[in-house]
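Coordinates in review
One-letter residues, chain by chain:
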Amino acid sequence: MTAVVLNSVSMTFNPGTAREVNALDGIDLSIAEGEFVSLIGPSGCGKSTLLRLVANLVEPTAGTIIVNGTSAGQARRDHTYGMAFQQAGLFDWRNVRRNVELPLELAGWDRGRRRERAEEMLALVKLDDFADHMPWQLSGGMQQRVAIARALATHPPLLLMDEPFGALDEMTREHMQAELLRIREATGSTIVFVTHSIPEAVYLSDRVVVMSPRPGRITRIVDIALTGGRDDDTREDQAFFAGITEVRESLRAVEGYHSHGGVDDR
Amino acid sequence: MRVARLASAVLPPLVWGVAFVAAWEALVRGFDLKPYFLPAPSAIWSAFTDNVGLVRAAAFVSGGNALVGLLLGVALGVAASFALMRSNLLNELVSPLAIALNAIPIIVLVAVFQNMFTSTSEVPRRLMVMLIVFFIVLVNVAKGLRQVSPIHLELMRSYAATPRSVLVKTRIPNAVPYLFTAVKIAAPTAVITAFVSEYFGGRQNGLGYFIPSNFANSKNAVAWAYVIGACLLGLTFYLVSVLLENITSNRRGKAPGGATT
């Protein structure tokens, strides 16, 4: 079964008004189960919108979206995906454990199971010692790990991430990328990942989807041929640099890349 | 370490206060100022200790009025803020009104209330306090209920949360610090409103009555003794509300932003 299928999906905000924005136009994309796919492109190319469409946070103006074999809306109601944003978005009145428990509460789990699962997820992101801390007591990277634990709490087969490491410093960011791959290894989740960073996309992904703005379209899909497991050595691998070059050149071909400059080389 | 920090926080205002009182005393003695012009702190203090029972009784009356009005205003303000959150129309009607009321001395309404009730009633004063507290709480709590992080709302939608869950798990907890900030603003205002309301007439039993009446009778030192009572009462209300606010904000590591009156 494919995890996500988008079929001629278009998205227009404020249709018929002066503020009409054609965010996405004719998007066809199929993501296999267990695949790691990154969406990259300059600001305004609609990559975040695309992720929100898969999450059914917004409805498309045209086209169909199938998520985990059902409609996107049904997938949302069935809690078959988890989501993480650039800001961790933790609830500052809940401690770390109760933040991770939140999606389970809303899925109707009882207290004992919730607690057990929250402990399991916090162990997965290596924060088991911080379960009783309040969010503000954690660093940015730790908060983002809590957000990932929360997104994975219901063991969803699909994880949607919108620039989750965008607000972190470079060192923390590389550490978090390695952590994410380890978590993916452990859970087997399909991951759709929006990013501004070319090396990040190449390091993490099986495929990098390059998008262009106004209206948002897919211009190219780059297969990343990194052999074997990915570790710190991968960042010095020839195939890694080849991937970066290929994605960068695809982005350069994108109209408006230079003038908008929304993608960085970090 | 804690002692040092406490000392550095308490010492400067304490030294300043003692110096101020000493200068006041020296001024009155040095220039031989008459008691009807400005009584010396020593004279005020002896008037205070001589009349401490009377001052306490008057402070209890004013404090009672302030407290009852405060509690009623908070309860009504919280209730109304939910209505405001639910209805955009209501919000657009009431919010400008609540802000405009800040620019209007609505305290004069106490004269209207005095006219509605018997002259021995405490109701007009409490109504006045309630009204002023009501708007402070309404504006702030409604803000807390509405200004929820967009990420929290998107997360709740991704969990397919019901509107009730969004309210209970997101909006209400988000509004709690706003409530305590509103109480911190409203508590001293409640005391001031109670004083001023008493000054407008009605029963002759609160601090707001005794301060001007003693001045009118040239018993200036006694009037000042009541002023001390008023200061203590205002401080008590303020400290309790600050303490309440600290309990919530400490747990969250910060105070809520953008609270207004």
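Structural data are supplied above this passage.
Every chain is numbered on its own, with residues counted from 1 as its sequence reads. Here the convention is simple: chains get letters from A, ligands get numbers from 1, in the order in which they are written. Only residues with pLDDT of 70 or above have their local features reported here, since the model is predicted, and side-chain atom pairs are shown and tallied only from 80 upward, although totals for entire chains, interfaces and linings are computed over all residues. To obtain the side-chain values, all non-hydrogen atoms of the structure were included, while hydrogens and water were left out.

For chain A, the count of helices and strands is nine helices and 10 strands. Relative to the 2.2 N^0.38 estimate, which gives 18 Å for 266 residues, the radius of gyration of chain A is 18 Å and therefore close to what a compact globule would have. By its C-alpha atoms, chain A is 50 × 45 × 35 Å across when sized along the principal axes. Burial classification: accessible surface area is computed with a 1.4 Å probe over protein chains only, and a residue below 20% of its type maximum counts as buried, one above 50% as exposed, and the rest as partly exposed. Counting across all 266 residues of chain A, residues that qualify as buried make up 56%. It only takes one pair of heavy atoms within 4.5 Å for two residues to be counted as in contact. Intrachain contacts of chain A at a sequence separation of at least 6 include 70% that bridge at least 24 residues. Shrake-Rupley sampling with a 1.4 Å probe provides the accessible areas, and residues are treated as covered by the protein chains on show and by no other component. Summing over all exposed atoms, chain A offers an accessible surface of approximately 11000 Å²; the carbon and sulfur share of this is 47%. Seen as two clouds, the 28 positive and the 37 negative side-chain charges of chain A have centres 6 Å apart. Every helix listed is a DSSP run of H or I at least four residues long, and every strand listed is a run of E at least two residues long, numbered separately from the N terminus. Radius of gyration: C-alpha atoms only; globule rule: 2.2 Å multiplied by the number of residues to the exponent 0.38. Positive residues here are Lys and Arg, negative ones are Asp and Glu, while His and the chain termini are left out of the count. For charged residues, the charge sits on one atom: NZ in Lys, CZ in Arg, CG in Asp, CD in Glu.

Below, the discussion takes up the pairing of strand E4 (residues 62–67) of chain A. Residue and element names in this part refer to chain A. In this scheme, strands are said to pair when DSSP sees at least two bridges between them. With five bridges joining them, strand E1 (residues 2–13) and E4 adopt antiparallel strand pairing. Opposite Val4, over in E4, you have Val67 as the bridge partner. Sheet topology note: the E4/strand E5 (residues 70–71) ladder contains two bridges and is antiparallel. The residue bridging Val67 from the neighbouring strand is Thr70, located in E5. In sequence, E4 turns back onto E5 through a hairpin of two residues, with Asn68 there showing a positive phi of about 50°.

What follows is about the sheet that holds E5 of chain A. All names here are of chain A. Across the sheet, which stays open at both edges, the four strands sit in the order E2-E1-E4-E5 with antiparallel pairing between neighbours. Each having just a single partner strand, strand E2 (21–32) and E5 make up the two edges of the open sheet. Each axis is a line fitted through C-alpha atoms, and for a helix only the stretch in contact is used; angles between axes span 0 to 180 degrees, taken between their N-to-C directions. Against the sheet, helix H1 (residues 47–54) makes contact with E1, E2 and E4, and its axis sits at roughly 120° relative to E1, the strand it touches most.

A word on the environment of Asn214 of chain B. All names here are of chain B. Along the chain, Asn214 falls in helix H9 (residues 207–216). Look at Asn214 and you get buried, because its relative accessible area is 6%. Leaving out residues up to four positions away in the same chain, Asn214 has contacts with Lys219, Asn220, Val222, Ala223 and Tyr226.

Residues and elements named next belong to chain A. Pairing is mixed in the open sheet, where six strands are placed in the order E6-E7-E8-E3-E9-E10. The outermost strands of the open sheet, each flanked by one partner alone, are strand E6 (81–84) and strand E10 (217–223). For this sheet, the mean angle separating the axes of adjacent strands, direction not counted, is 15°. One ladder, built from four bridges, connects E6 with strand E7 (residues 158–162); its direction is parallel. Across the sheet, residue Met83 finds its bridge partner in E7, namely Leu160.

What follows deals with the nonpolar core. Counting residues in hydrophobic clusters, the biggest one holds 50 residues, and the most contacted among them are Leu180 and Val247 of chain A. When residues in this core are grouped by element, the largest group, six residues, is from helix H5 (residues 140–151) of chain A. When residues no more than four places from it in sequence are discounted, the contact partners of Leu180 of chain A are Phe36, Leu159, Met161, Phe165, Ile191, Phe193 and Leu204 of chain A. For the purposes of this section, nonpolar cores are sets of buried Ala, Val, Leu, Ile, Met, Phe, Trp, Tyr and Cys residues that join through side-chain atoms within 4.5 Å. In terms of nonpolar packing, the next biggest core, distinct from the first, is built from 48 residues, Phe48, Val74, Ile107 and Leu207 of chain B among them.

Next up on the list: the side chain of Glu35 of chain A. Residue and element names in this part refer to chain A. Here Glu35 shows up in the loop between E2 and strand E3 (36–40). A residue is classified by how much of its surface remains accessible, and Glu35, at 12% relative accessible area, is buried. Engagement of the side chain of Glu35 in a polar contact is seen with the backbone nitrogen of Ala32, the distance being 2.8 Å. The contacts of Glu35, once residues within four sequence positions are left out, are Ser30, Arg184, Thr190, Ile191, Asp206 and Arg207. Polar contacts here mean pairs of N or O atoms no more than 3.5 Å apart (in protein, one a potential hydrogen donor and the other a potential acceptor; neighbouring residues in sequence count only if both atoms are side-chain atoms).

The next point concerns the packing of aromatic side chains. Side-chain rings of Phe, Tyr and Trp, where Trp is taken by its six-membered ring, are said to pair if the distance between their centres is within 6.5 Å; with planes under 30 degrees apart they count as stacked, over 60 as edge-to-face, and otherwise as tilted. Tallied over the entire structure, the rule returns 11 aromatic pairs over all chains. The interplanar angle of 75° and the centroid separation of 5.0 Å between the aromatic rings of Phe134 of chain B and Phe135 of chain B together place this pair among those described as edge-to-face. The class of Phe134 of chain B is buried, set by a relative accessible area of 18%. Exposure remark for Phe135 of chain B: the relative accessible area of 13% places this residue in the buried category. Among the aromatic residues, those joined into a ring-pair cluster are Phe36, Phe165 and Phe193 of chain A.

A few words now on the interface of chain A and chain B. Across the boundary between the two partners, chain A contributes 24 residues, which contact 20 residues of chain B. Buried area counts how much accessible surface, traced with a 1.4 Å probe, disappears from two parts once they are put together, with both parts' losses summed. Both sides of the chain A and chain B interface together cover about 2100 Å² of buried area, and 59% of this is carbon and sulfur. In what follows, salt bridge is the name for a side-chain nitrogen of Lys or Arg lying within 4 Å of a carboxyl oxygen of Asp or Glu. Connecting chain A to chain B are two salt bridges. The salt bridge partner of Glu154 of chain B is Arg52 of chain A, with a shortest N-O separation of 2.7 Å. Along the contact surface separating chain A from chain B lie eight residue pairs in polar contact (both at pLDDT 80 or more). Elements that contribute at least two residues to the side of chain A that touches chain B include exactly helix H2 (72–77), E6 and helix H3 (96–106) of chain A. Ranked by residues supplied to the side of chain A that touches chain B, first place goes to H3 of chain A with four residues. For the side of chain A that touches chain B, a count of residues per class yields 12 nonpolar, four polar and eight charged. Classification used: nonpolar for Ala, Val, Leu, Ile, Met, Phe, Trp, Tyr, Cys and Pro, charged for Asp, Glu, Lys and Arg, polar for all others including Gly.

Looking now at the pairing of E7 of chain A. For E7 of chain A, the buried fraction is high: five of the five residues fall into the buried class. Viewed along the sheet, the connection from E7 of chain A through helix H6 (residues 170–187) of chain A into strand E8 (residues 190–195) of chain A turns out right-handed. The path from the first strand over the helix to the second decides the hand: if it runs clockwise while the strands point away from the viewer, the crossover is right-handed.

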